[in-house]
Amino acid sequence: SKDKRYDYKFGKLVQISDNVKYDLYNYINSQRALGCTPTRDVMSFVLDSPSYAEAGTIIYLSDGSPTKRISDTDCDEDDTSDLLTFINGKNGKKRVINCIGVGKDFRTQSSADKKVKFMKDLARQNDGFYIGF
């Protein structure tokens, strides 16, 4: 299915243990940048999926600007103001959203980069934290 590409490694919430943490770290470490950051699709999937209905916290980890998928291989820039409205409308402050930016653009706390501002705004508007490294 279309949503399978966004499905979390386990496909459901799991109890955290040391083994699960290391499995997650290894999974994240195996991920590679492919040029698209389909934030709207992913957040819609997570916020609407019954599998994650009991999640109290969402961690948004990204190295790029939010994009909209045009096809399986092409993406266009997403409007971050509209995207914040979309996510906040779906979330309704029900879940905390923490944001982690990965890469040089995220390392400077005072960065004026649009993707950094988006993450800071998303975290602040959803009672979460932002950190870049």
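Just above, that's the structure.
Scope of this entry: the structure provided in the associated data block. (Residues numbered from 1 in each chain as written. Predicted model: local features only at pLDDT ≥ 70, side-chain atom pairs only at ≥ 80, totals over all residues. Heavy atoms only, no water.)

Of all 6 residues in strand β4 (residues 96-101), 5 are buried, a share of seventy percent or more. When strand β1 (residues 57-62) meets β4, the two strands line up parallel, connected through 6 bridges. Of the residues in β4, the one forming a bridge with T57 is V96. Alignment of β4 against strand β5 (residues 130-132), held across 3 bridges, turns out to be parallel. Bridge assignment links I100 to a residue of β5, and that residue is I131. You can see the chain leave β4, run along helix α4 (residues 114-125) and come back into β5, and the turn it takes is right-handed. (Buried < 20%, exposed > 50% of the residue type's maximum accessible area, 1.4 Å probe, protein only. Helix = DSSP H or I, 4+ residues; strand = E, 2+ residues; numbered from the N terminus. Pairing = 2+ DSSP bridges. Right-handed = clockwise from strand over helix to strand, strands pointing away.)

A few words now on the packing of aromatic side chains. Two descriptors summarise a pair of aromatic rings, namely the distance from one centre to the other and the angle between the planes of the rings. Within the structure shown, the criterion is met by 2 aromatic pairs. Taken together, a centroid distance of 6.2 Å and an interplanar angle of 70° make the contact between F45 and Y52 edge-to-face. By the burial criterion, F45 is buried, and Y52 matches it. With centroids separated by 6.1 Å and ring planes inclined at 85°, the aromatic side chains of Y60 and F118 adopt a geometry described as edge-to-face. You can see Y60 sitting in strand β1 and its partner F118 sitting in helix α4, a full 58 residues away along the chain. (Phe/Tyr/Trp six-rings, centres within 6.5 Å; stacked < 30°, edge-to-face > 60°.)

Moving on to a nonpolar patch on the surface. Among the surface-exposed residues, Y27, I28, I59, L61, V102 and F133 lie close enough to one another that they form a single nonpolar patch of about 540 Å² accessible area. When contributions to the nonpolar patch are tallied by element, the ones reaching two or more residues are α1 (18-30) and β1. Residue placement: I59 occurs in strand β1. (Patch = residues over 30% accessible without salt bridge, like charges linked within 9 Å, V, L, I, M, F, W, Y side chains within 5 Å. Areas by Shrake-Rupley, 256 points an atom, 1.4 Å probe, with all protein chains shown as cover. Salt bridge = Lys/Arg side-chain N within 4 Å of Asp/Glu carboxyl O.)

Looking now at the pattern of salt bridges. Side chains bearing opposite charge may pair, as long as their charged atoms lie close to each other. Evaluated as defined, the whole model comprises 10 salt bridges. Between K93 and D127 there is a salt bridge, and its shortest N-O distance comes to 3.4 Å. Pair noted here: K93 is in the loop between α3 (80-91) and β4 and D127 is in the loop between α4 and β5, with a separation of 34 residues, a long-range link. On the basis of relative accessible area, D127 is assigned to the exposed category, the value being 52%. Taken together, the shared-partner salt bridges connect K104, D105, D113 and K115 into one network.

Let us now look at the packing of α3 against α4. Packing of α3 against α4 leaves a shortest axis separation of 11 Å and a crossing angle of 20°. Classified by the angle between their axes, α3 and α4 sit roughly parallel to one another. Both α3 and α4 take part in a crossing whose hand is right-handed. Where α3 approaches α4, its residues T80, L83, L84, I87 and N88 are matched on the opposing element by K114, F118, D121, L122 and Q125. Split into classes, the residues belonging to the contact of α3 with α4 amount to 5 nonpolar, 3 polar and 2 charged. (Axes fitted to C-alpha atoms, helices over the stretch in contact; angles between N-to-C directions. Parallel < 35°, antiparallel > 145°, perpendicular 65-115°, else oblique. Left-handed = near helix turned anticlockwise from the far one by under 90°. Contact = heavy atoms within 4.5 Å. Nonpolar A, V, L, I, M, F, W, Y, C, P; charged D, E, K, R; others polar.)

It is worth spelling out the sheet that holds β5 at this point. The strand order across the open sheet built from 3 strands is β1-β4-β5, with neighbouring strands paired in parallel fashion. At either margin of the open sheet sits one strand with a lone partner, and together these are β1 and β5. Ignoring strand direction, the axes of neighbouring strands in this sheet form an average angle of 15°. Sitting on the sheet, α4 touches β1, β4 and β5, and the angle it makes with β4 is about 155°.

Shape is all these values report; function is a separate question.
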